[in-house]
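Inside the fold
Given next are the chains, with one letter for each unit.
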Amino acid sequence: MPVQEPNTRKPAVIVISGGTDGMGRALALARAERGDRVVALGSNPAKGRHLIDEADRIGVADRVRFLQADLSSVAATRQAIRQIGARHEAIDALCLFANRQSPKRATTPEGLERTFALYYLSRYLLSHGLSPQLRRSRAPVIVNVAGVGMTKGAVSWGDLQLERKYSTIGAQLQAGRANDLLGVAYAAQPHNPIRYVLYHPGFTKSGDLSPLPTAARLFIRAAAKVAARPVEQSIAPVHGFIDSPPPVPLVAIDRGTSLPLTLRTLDPADAERLAEATRALLDTIPPAPGAE
Ligand SMILES: NC(=O)c1ccc[n+]([C@@H]2O[C@H](COP(=O)([O-])OP(=O)(O)OC[C@H]3O[C@@H](n4cnc5c(N)ncnc54)[C@H](OP(=O)(O)O)[C@@H]3O)[C@@H](O)[C@H]2O)c1
(Lines give C-alpha, C1' and ligand atoms only; values in the text may rest on other atoms or scores of the structure.)
Protein backbone atom coordinates (compact mmCIF):
# COMPACT_ATOMS: atom_id res chain seq x y z
CA MET A 1 0.00 0.00 0.00
CA PRO A 2 1.40 3.48 -0.85
CA VAL A 3 2.14 5.56 2.25
CA GLN A 4 -0.10 8.63 2.37
CA GLU A 5 1.72 11.93 2.84
CA PRO A 6 0.24 13.74 5.85
CA ASN A 7 -1.59 16.91 4.82
CA THR A 8 0.65 19.60 6.29
CA ARG A 9 -0.97 22.56 4.51
CA LYS A 10 -2.03 25.19 7.01
CA PRO A 11 -5.73 26.11 6.64
CA ALA A 12 -6.13 29.57 5.18
CA VAL A 13 -8.58 32.29 6.25
CA ILE A 14 -10.51 33.53 3.22
CA VAL A 15 -12.93 36.46 3.04
CA ILE A 16 -15.31 36.39 0.07
CA SER A 17 -17.51 39.35 -0.84
CA GLY A 18 -20.53 38.00 -2.70
CA GLY A 19 -19.85 34.58 -1.19
CA THR A 20 -23.50 33.52 -1.09
CA ASP A 21 -24.28 33.03 -4.77
CA GLY A 22 -22.69 32.24 -8.12
CA MET A 23 -18.92 32.01 -8.31
CA GLY A 24 -18.30 33.38 -4.81
CA ARG A 25 -20.55 30.74 -3.25
CA ALA A 26 -18.89 27.93 -5.21
CA LEU A 27 -15.49 29.19 -4.07
CA ALA A 28 -16.64 29.44 -0.42
CA LEU A 29 -17.81 25.81 -0.34
CA ALA A 30 -14.81 24.50 -2.28
CA ARG A 31 -12.32 26.24 0.02
CA ALA A 32 -14.10 24.97 3.12
CA GLU A 33 -13.93 21.45 1.68
CA ARG A 34 -10.17 21.95 1.33
CA GLY A 35 -9.97 22.80 5.05
CA ASP A 36 -9.92 26.61 4.90
CA ARG A 37 -11.98 28.94 7.09
CA VAL A 38 -14.31 31.13 5.05
CA VAL A 39 -16.18 34.34 5.79
CA ALA A 40 -18.87 34.86 3.13
CA LEU A 41 -20.42 38.32 2.77
CA GLY A 42 -23.81 38.91 1.16
CA SER A 43 -26.87 41.08 1.69
CA ASN A 44 -29.62 38.45 1.62
CA PRO A 45 -29.99 36.45 4.87
CA ALA A 46 -31.93 33.67 3.09
CA LYS A 47 -28.98 33.09 0.73
CA GLY A 48 -26.72 33.09 3.78
CA ARG A 49 -28.85 30.40 5.43
CA HIS A 50 -28.82 28.30 2.24
CA LEU A 51 -25.03 28.56 2.12
CA ILE A 52 -24.73 27.35 5.71
CA ASP A 53 -27.27 24.54 5.03
CA GLU A 54 -25.19 23.38 2.07
CA ALA A 55 -21.97 23.65 4.10
CA ASP A 56 -23.69 21.53 6.77
CA ARG A 57 -24.80 18.97 4.19
CA ILE A 58 -21.24 18.47 2.96
CA GLY A 59 -19.84 18.46 6.50
CA VAL A 60 -17.99 21.80 6.56
CA ALA A 61 -20.42 24.09 8.43
CA ASP A 62 -17.84 24.67 11.18
CA ARG A 63 -15.59 26.32 8.60
CA VAL A 64 -18.07 28.69 6.89
CA ARG A 65 -19.43 31.86 8.44
CA PHE A 66 -22.01 34.09 6.81
CA LEU A 67 -21.77 37.80 7.51
CA GLN A 68 -24.73 39.85 6.37
CA ALA A 69 -23.78 43.25 4.97
CA ASP A 70 -25.21 45.52 2.31
CA LEU A 71 -21.94 46.31 0.56
CA SER A 72 -23.50 49.17 -1.40
CA SER A 73 -23.41 51.05 1.92
CA VAL A 74 -20.08 52.55 2.96
CA ALA A 75 -21.16 52.45 6.62
CA ALA A 76 -22.19 48.77 6.41
CA THR A 77 -18.98 47.84 4.57
CA ARG A 78 -16.89 49.64 7.19
CA GLN A 79 -18.82 47.79 9.90
CA ALA A 80 -18.21 44.43 8.19
CA ILE A 81 -14.48 45.26 8.02
CA ARG A 82 -14.48 45.95 11.78
CA GLN A 83 -16.37 42.72 12.51
CA ILE A 84 -14.00 40.63 10.39
CA GLY A 85 -10.94 42.34 11.88
CA ALA A 86 -12.18 41.72 15.42
CA ARG A 87 -12.43 37.99 14.74
CA HIS A 88 -9.45 37.33 12.48
CA GLU A 89 -5.95 38.44 13.37
CA ALA A 90 -4.71 37.37 9.94
CA ILE A 91 -6.39 36.90 6.57
CA ASP A 92 -4.75 34.99 3.74
CA ALA A 93 -7.02 35.83 0.83
CA LEU A 94 -9.67 38.44 0.08
CA CYS A 95 -11.79 37.46 -2.93
CA LEU A 96 -14.08 40.13 -4.35
CA PHE A 97 -17.16 38.96 -6.26
CA ALA A 98 -20.11 41.11 -5.06
CA ASN A 99 -21.98 42.87 -7.83
CA ARG A 100 -25.54 43.42 -9.01
CA GLN A 101 -26.96 45.16 -12.06
CA SER A 102 -29.12 48.25 -11.61
CA PRO A 103 -31.40 48.74 -14.63
CA LYS A 104 -32.31 52.26 -13.46
CA ARG A 105 -29.98 54.73 -11.78
CA ALA A 106 -30.47 54.27 -8.06
CA THR A 107 -28.73 55.96 -5.18
CA THR A 108 -27.75 54.56 -1.81
CA PRO A 109 -28.79 56.29 1.43
CA GLU A 110 -25.31 57.88 1.37
CA GLY A 111 -26.16 59.48 -1.99
CA LEU A 112 -23.91 57.34 -4.20
CA GLU A 113 -24.84 55.68 -7.48
CA ARG A 114 -25.50 52.07 -6.49
CA THR A 115 -23.34 50.20 -9.02
CA PHE A 116 -20.35 52.45 -8.32
CA ALA A 117 -20.86 51.96 -4.57
CA LEU A 118 -21.32 48.18 -4.67
CA TYR A 119 -19.13 46.98 -7.51
CA TYR A 120 -16.21 49.42 -7.04
CA LEU A 121 -16.29 51.26 -3.73
CA SER A 122 -16.95 48.20 -1.52
CA ARG A 123 -13.90 46.55 -3.13
CA TYR A 124 -11.79 49.65 -2.47
CA LEU A 125 -12.91 49.69 1.18
CA LEU A 126 -12.41 45.95 1.75
CA SER A 127 -9.01 45.92 0.01
CA HIS A 128 -7.65 48.80 2.09
CA GLY A 129 -9.65 48.14 5.27
CA LEU A 130 -8.48 44.51 5.59
CA SER A 131 -4.85 45.28 4.66
CA PRO A 132 -3.62 45.08 8.30
CA GLN A 133 -4.99 41.51 8.61
CA LEU A 134 -3.71 40.53 5.15
CA ARG A 135 -0.24 41.81 6.03
CA ARG A 136 -0.11 39.27 8.88
CA SER A 137 -0.43 36.37 6.41
CA ARG A 138 2.66 34.60 5.09
CA ALA A 139 1.39 34.85 1.48
CA PRO A 140 -1.48 37.35 1.25
CA VAL A 141 -3.49 37.89 -1.92
CA ILE A 142 -6.49 39.89 -3.10
CA VAL A 143 -8.44 38.51 -6.07
CA ASN A 144 -10.72 41.08 -7.69
CA VAL A 145 -13.14 39.24 -10.01
CA ALA A 146 -14.44 41.67 -12.63
CA GLY A 147 -13.74 42.28 -16.30
CA VAL A 148 -10.05 43.06 -16.72
CA GLY A 149 -8.98 43.02 -20.35
CA MET A 150 -12.19 44.62 -21.55
CA THR A 151 -11.36 47.97 -23.02
CA LYS A 152 -14.96 49.08 -23.38
CA GLY A 153 -16.27 51.66 -20.95
CA ALA A 154 -14.40 54.25 -18.95
CA VAL A 155 -14.35 56.10 -15.70
CA SER A 156 -16.59 59.11 -16.15
CA TRP A 157 -14.17 61.56 -14.55
CA GLY A 158 -16.49 64.57 -14.53
CA ASP A 159 -19.51 62.55 -13.43
CA LEU A 160 -18.45 59.57 -11.30
CA GLN A 161 -21.98 59.23 -9.94
CA LEU A 162 -23.41 59.10 -13.49
CA GLU A 163 -25.95 61.84 -12.77
CA ARG A 164 -25.85 63.21 -16.31
CA LYS A 165 -25.90 59.94 -18.28
CA TYR A 166 -26.84 56.52 -16.95
CA SER A 167 -27.24 53.09 -18.50
CA THR A 168 -27.07 49.66 -16.86
CA ILE A 169 -24.15 48.60 -19.01
CA GLY A 170 -22.38 51.97 -18.80
CA ALA A 171 -22.49 51.78 -14.99
CA GLN A 172 -21.17 48.19 -15.02
CA LEU A 173 -18.37 49.15 -17.40
CA GLN A 174 -17.39 52.23 -15.41
CA ALA A 175 -17.16 50.18 -12.18
CA GLY A 176 -15.28 47.42 -14.02
CA ARG A 177 -12.68 49.89 -15.32
CA ALA A 178 -12.51 51.45 -11.84
CA ASN A 179 -11.69 48.01 -10.41
CA ASP A 180 -8.89 47.65 -12.96
CA LEU A 181 -7.46 50.94 -11.69
CA LEU A 182 -8.00 49.93 -8.05
CA GLY A 183 -5.68 46.97 -8.61
CA VAL A 184 -3.03 49.16 -10.25
CA ALA A 185 -3.05 51.77 -7.45
CA TYR A 186 -3.18 49.16 -4.71
CA ALA A 187 -0.21 47.25 -6.09
CA ALA A 188 1.81 50.48 -6.47
CA GLN A 189 1.79 51.17 -2.73
CA PRO A 190 5.31 51.09 -1.31
CA HIS A 191 6.36 48.24 1.03
CA ASN A 192 3.23 46.29 0.19
CA PRO A 193 3.55 42.49 0.47
CA ILE A 194 -0.07 41.87 -0.60
CA ARG A 195 -0.38 40.55 -4.15
CA TYR A 196 -3.27 41.83 -6.28
CA VAL A 197 -4.91 39.68 -8.97
CA LEU A 198 -7.33 41.24 -11.43
CA TYR A 199 -9.29 38.31 -12.82
CA HIS A 200 -11.86 38.16 -15.63
CA PRO A 201 -13.75 34.86 -15.42
CA GLY A 202 -15.44 35.17 -18.82
CA PHE A 203 -19.14 34.54 -19.49
CA THR A 204 -20.19 32.14 -16.74
CA LYS A 205 -23.34 30.19 -15.84
CA SER A 206 -23.95 32.41 -12.82
CA GLY A 207 -25.26 35.88 -12.12
CA ASP A 208 -28.48 37.07 -10.56
CA LEU A 209 -30.54 38.30 -13.49
CA SER A 210 -33.62 39.15 -11.40
CA PRO A 211 -33.11 42.93 -11.52
CA LEU A 212 -33.16 42.89 -15.35
CA PRO A 213 -36.20 43.30 -17.64
CA THR A 214 -37.77 40.01 -18.86
CA ALA A 215 -36.45 40.30 -22.44
CA ALA A 216 -32.86 40.82 -21.26
CA ARG A 217 -33.17 37.90 -18.82
CA LEU A 218 -34.46 35.54 -21.52
CA PHE A 219 -31.74 36.62 -23.94
CA ILE A 220 -28.91 36.17 -21.42
CA ARG A 221 -30.27 32.79 -20.26
CA ALA A 222 -30.45 31.53 -23.87
CA ALA A 223 -26.93 32.79 -24.62
CA ALA A 224 -25.61 31.27 -21.39
CA LYS A 225 -26.96 27.83 -22.37
CA VAL A 226 -24.71 27.74 -25.41
CA ALA A 227 -21.79 30.01 -24.55
CA ALA A 228 -21.28 30.34 -20.77
CA ARG A 229 -18.70 28.40 -18.80
CA PRO A 230 -19.57 26.26 -15.77
CA VAL A 231 -18.96 28.03 -12.47
CA GLU A 232 -16.33 25.46 -11.38
CA GLN A 233 -14.33 26.12 -14.55
CA SER A 234 -14.42 29.89 -14.03
CA ILE A 235 -13.25 29.71 -10.42
CA ALA A 236 -10.56 27.07 -11.01
CA PRO A 237 -7.76 29.67 -11.46
CA VAL A 238 -8.81 31.41 -8.23
CA HIS A 239 -7.69 28.34 -6.25
CA GLY A 240 -4.27 28.74 -7.85
CA PHE A 241 -4.10 32.46 -6.95
CA ILE A 242 -4.90 31.62 -3.31
CA ASP A 243 -2.59 28.62 -3.01
CA SER A 244 0.35 30.23 -4.85
CA PRO A 245 0.01 34.02 -5.01
CA PRO A 246 1.91 35.56 -7.91
CA PRO A 247 5.53 36.60 -7.30
CA VAL A 248 4.85 40.16 -8.47
CA PRO A 249 2.58 42.87 -6.94
CA LEU A 250 -0.04 42.83 -9.75
CA VAL A 251 -1.24 40.41 -12.39
CA ALA A 252 -4.17 40.75 -14.78
CA ILE A 253 -5.66 37.50 -16.05
CA ASP A 254 -8.45 37.11 -18.59
CA ARG A 255 -9.53 33.48 -18.25
CA GLY A 256 -6.23 31.65 -18.87
CA THR A 257 -4.39 34.55 -20.47
CA SER A 258 -1.99 36.84 -18.67
CA LEU A 259 -2.52 40.41 -19.89
CA PRO A 260 0.20 43.05 -20.36
CA LEU A 261 0.12 45.68 -17.63
CA THR A 262 0.67 48.26 -20.38
CA LEU A 263 -3.02 48.04 -21.34
CA ARG A 264 -4.49 51.54 -21.49
CA THR A 265 -7.16 50.47 -18.97
CA LEU A 266 -4.34 49.89 -16.44
CA ASP A 267 -2.77 53.33 -16.74
CA PRO A 268 -0.91 54.24 -13.50
CA ALA A 269 -1.75 57.97 -13.78
CA ASP A 270 -5.46 57.17 -14.13
CA ALA A 271 -5.14 54.77 -11.19
CA GLU A 272 -3.66 57.48 -8.97
CA ARG A 273 -6.30 59.95 -10.15
CA LEU A 274 -9.11 57.56 -9.21
CA ALA A 275 -7.51 56.72 -5.86
CA GLU A 276 -7.37 60.44 -5.05
CA ALA A 277 -10.98 60.99 -6.15
CA THR A 278 -12.07 57.98 -4.07
CA ARG A 279 -10.27 59.22 -0.95
CA ALA A 280 -11.90 62.65 -1.40
CA LEU A 281 -15.32 61.04 -1.85
CA LEU A 282 -14.92 58.85 1.24
CA ASP A 283 -13.87 61.90 3.28
CA THR A 284 -17.41 63.18 2.72
CA ILE A 285 -18.81 60.04 4.40
CA PRO A 286 -17.45 60.18 7.94
CA PRO A 287 -17.40 57.05 10.13
CA ALA A 288 -20.64 56.40 12.01
CA PRO A 289 -20.62 57.81 15.58
CA GLY A 290 -18.85 55.40 17.95
CA ALA A 291 -17.43 53.39 15.06
CA GLU A 292 -13.79 54.30 15.67
N1 LIG B 1 -21.39 35.74 -14.58
C2 LIG B 1 -20.65 36.18 -15.62
O3 LIG B 1 -20.86 35.82 -16.80
C4 LIG B 1 -19.52 37.15 -15.35
C5 LIG B 1 -18.68 37.51 -16.42
C6 LIG B 1 -17.64 38.41 -16.18
C7 LIG B 1 -17.45 38.94 -14.92
N8 LIG B 1 -18.30 38.58 -13.90
C9 LIG B 1 -18.10 39.18 -12.57
O10 LIG B 1 -17.88 38.15 -11.61
C11 LIG B 1 -18.39 38.57 -10.33
C12 LIG B 1 -19.28 37.47 -9.75
O13 LIG B 1 -20.35 37.23 -10.66
P14 LIG B 1 -21.46 36.11 -10.39
O15 LIG B 1 -22.03 35.78 -11.73
O16 LIG B 1 -20.92 35.01 -9.55
O17 LIG B 1 -22.53 36.96 -9.53
P18 LIG B 1 -23.87 36.49 -8.78
O19 LIG B 1 -24.13 35.04 -8.98
O20 LIG B 1 -24.97 37.44 -9.17
O21 LIG B 1 -23.50 36.71 -7.25
C22 LIG B 1 -23.36 38.02 -6.76
C23 LIG B 1 -23.01 37.99 -5.30
O24 LIG B 1 -22.95 39.36 -4.86
C25 LIG B 1 -23.74 39.53 -3.69
N26 LIG B 1 -24.30 40.87 -3.63
C27 LIG B 1 -25.08 41.51 -4.53
N28 LIG B 1 -25.47 42.70 -4.04
C29 LIG B 1 -24.92 42.81 -2.80
C30 LIG B 1 -24.95 43.80 -1.78
N31 LIG B 1 -25.64 44.94 -1.92
N32 LIG B 1 -24.26 43.58 -0.65
C33 LIG B 1 -23.57 42.43 -0.46
N34 LIG B 1 -23.48 41.45 -1.39
C35 LIG B 1 -24.16 41.65 -2.54
C36 LIG B 1 -24.85 38.48 -3.84
O37 LIG B 1 -25.42 38.15 -2.58
P38 LIG B 1 -26.84 38.75 -2.08
O39 LIG B 1 -27.82 38.53 -3.18
O40 LIG B 1 -27.09 37.99 -0.84
O41 LIG B 1 -26.60 40.18 -1.77
C42 LIG B 1 -24.07 37.31 -4.41
O43 LIG B 1 -23.45 36.60 -3.37
C44 LIG B 1 -19.10 39.89 -10.56
O45 LIG B 1 -18.27 40.95 -10.21
C46 LIG B 1 -19.33 39.92 -12.06
O47 LIG B 1 -19.37 41.23 -12.60
C48 LIG B 1 -19.32 37.70 -14.08
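Source: prediction; values computed, not measured.

**A word on helix H8 (residues 231-243)**
Taking 1.5 Å of rise per residue, the 13 residues of H8 would be expected to cover 18 Å, and the 19 Å separating its terminal C-alpha atoms lies within 8% of that figure. For H8, the full list of buried residues reads Val231, Ser234, Ile235, Val238, His239, Phe241 and Ile242. Elements that come into contact with the buried residues of H8 comprise strand E1 (13-17), helix H1 (22-33), strand E4 (93-96), strand E5 (141-145), strand E6 (195-200) and strand E7 (250-254).

**Considering the packing of aromatic side chains**
Following the criterion strictly, the structure yields 4 aromatic pairs and no others. Relative to tyrosine 196, the ring of tyrosine 186 has its centre 5.2 Å away and its plane inclined at 50 degrees; by these criteria the two rings are tilted. Of the two residues, tyrosine 186 sits in helix H6 (residues 168-187) while tyrosine 196 sits in strand E6, which places them 10 residues apart along the sequence. Judged by relative accessible area, tyrosine 186 falls into the buried class, the value being 0%. With a relative accessible area of 0%, tyrosine 196 lands in the buried category. Here tyrosine 199 and phenylalanine 241 contribute two aromatic rings whose centre-to-centre distance is 5.6 Å and whose plane-to-plane angle is 70 degrees, an arrangement assigned as edge-to-face. You can see tyrosine 199 sitting in strand E6 and its partner phenylalanine 241 sitting in helix H8, a full 42 residues away along the chain. Taken as a pair, tyrosine 199 and phenylalanine 241 share a single burial class, namely buried. Three or more aromatic residues joined by ring pairs form one cluster here, namely Phe116, Tyr120 and Tyr124.

**A closer look at the sheet that holds strand E8 (residues 257-258)**
Strand order in the open sheet formed by 8 strands is E3-E2-E1-E4-E5-E6-E7-E8, with mixed pairing between adjacent strands. Two strands in the sheet have a free side with no partner beyond their single neighbour: strand E3 (64-68) and E8. Pairing of E5 with E6, which is carried by 5 bridges, proceeds in the parallel orientation. Residue pairing for E6: isoleucine 142 is matched across the bridge by tyrosine 196. The strands touched by H1 are E1, strand E2 (37-42), E3 and E4; relative to E1, the strand with the most contacts, the crossing angle is about 165 degrees. Lying on the sheet, helix H4 (residues 114-129) is in contact with E1, E2, E4, E5 and E6; it crosses E4 at an angle near 175 degrees.

**Overview of the site of the ligand**
Around the ligand sit 31 residues, and of these Ser43, Lys47, Arg100, Thr204 and Ser206 come closest. For the ligand, an oxygen atom lies 3.3 Å from a polar atom in the backbone of glycine 18. Residue aspartate 208 places a main-chain N or O atom 2.8 Å away from an oxygen atom belonging to the ligand. For the ligand, the accessible surface in isolation is 900 Å², of which the surrounding protein chains cover 90%. For the shell around the ligand, the elements supplying multiple residues, two or more each, are H1 and H4. Sorting elements by how many residues they give to the shell around the ligand places H4 first, with 3 residues.

Rules of the game
Residues numbered from 1 in each chain as written. Predicted model: local features only at pLDDT ≥ 70, side-chain atom pairs only at ≥ 80, totals over all residues. Heavy atoms only, no water. Helix = DSSP H or I, 4+ residues; strand = E, 2+ residues; numbered from the N terminus. Expected span 1.5 Å × (residues − 1). Buried < 20%, exposed > 50% of the residue type's maximum accessible area, 1.4 Å probe, protein only. Contact = heavy atoms within 4.5 Å. Phe/Tyr/Trp six-rings, centres within 6.5 Å; stacked < 30°, edge-to-face > 60°. Pairing = 2+ DSSP bridges. Axes fitted to C-alpha atoms, helices over the stretch in contact; angles between N-to-C directions. Near = heavy atom within 4 Å. Polar contact = N/O pair within 3.5 Å; in protein donor to acceptor, adjacent residues only side chain to side chain. Areas by Shrake-Rupley, 256 points an atom, 1.4 Å probe, with all protein chains shown as cover.

Purely geometric stuff here, so don't read any function into it on its own.
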